[in-house]
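Geometric and topological summary
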Amino acid sequence: MEYGIIAVILVLDQITKAVIQNSAAVKAGVEVIPDFFYLTYVQNTGAAWSMLSGHQVFLCLIAAAAICVMWVFMQKAKKEHLKLSKTALAMMIAGAAGNLIDRLMLNYVRDFLHFYPFGYDFPVFNVADCALTIGVILLIIGMLKGEGEEKHA
């Protein structure tokens, strides 16, 4: 199941990035929901909020290390039947891998989802970033629910 999640997210991420990158209209910006949601193509050479911009080797090494660590934890969760944790880790692996592929192939990450919640210009992001964020939220929910803790009768 978790391998399917990784594959689907990776394919969706790379396809959406390619479609957006090749759309002249989106490069100029497309208003989807006025004053709230736009498709805006940007090339991000940094991490979240463009932090560490231009440090591609460092960001690639961090992403690769994180993927390896999450993979080990996902395998452990698989053996312990931690369903929510497996799903969360699969989503996080896919998200990190999707952006790592961009960094390795293009030397930047393709972002295009641009929101203005309550007038705030939120940083532009992509499907991989969504998967990472949702994965982290699911992991926190699993921890709060006590997933993995032994149940005492």
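Because the structure is a prediction, the values reported are computed rather than measured.

Analysis parameters
- Residues numbered from 1 in each chain as written.
- Predicted model: local features only at pLDDT ≥ 70, side-chain atom pairs only at ≥ 80, totals over all residues.
- Heavy atoms only, no water.
- Helix = DSSP H or I, 4+ residues; strand = E, 2+ residues; numbered from the N terminus.
- Buried < 20%, exposed > 50% of the residue type's maximum accessible area, 1.4 Å probe, protein only.
- UniProt positions renumbered as here; feature names shortened; annotations may be inferred.
- Contact = heavy atoms within 4.5 Å.

Along the chain, leucine 104 turns up in helix α4 (residues 83–106). The class for leucine 104 is exposed, based on a relative accessible area of 59%.

With that settled, the discussion passes to the UniProt feature "active site" (unreviewed entry) in the protein. Within this structure's numbering, the places UniProt gives as "active site" (unreviewed entry) are Asp111 and Asp129. Spanning 19 residues, the annotated positions come together in the fold, the maximum distance between their C-alpha atoms being 9.0 Å. Position of aspartate 111 among the secondary structure elements: in strand β3 (residues 109–115). The exposure class of aspartate 111 is buried, given its relative accessible area of 2%. Dropping the residues within four chain positions of it, aspartate 111 is found in contact with Thr40, Tyr41, Val42, Asn44, Val124, Phe125, Asn126 and Asp129. Within the element layout of this structure, aspartate 129 appears in helix α5 (residues 127–144). For aspartate 129, the residues in contact, after removing those within four places along its chain, are Asn99 and Asp111.

This part takes up the UniProt feature "transmembrane region" (unreviewed entry) in the protein. Within this structure's numbering, the places UniProt gives as "transmembrane region" (unreviewed entry) are residues 56–74, 86–105 and 125–144. Counted over residues 86–105, helix gives 100% and strand 0%. Its end C-alpha atoms are 28 Å apart.

The next subject is unusual backbone geometry. The general pattern is negative phi for most residues beyond glycine and trans for most peptide bonds. One non-glycine residue, asparagine 107, lies in the positive phi region at around 70°. Counting through the fold element by element, asparagine 107 comes out in the loop between α4 and β3. For asparagine 107, a relative accessible area of 47% puts it in the partly exposed group. Positioned with a positive phi, phenylalanine 118 is a non-glycine residue whose angle comes to about 55°. Considering the arrangement of structural elements, one finds phenylalanine 118 in the loop between β3 and α5.

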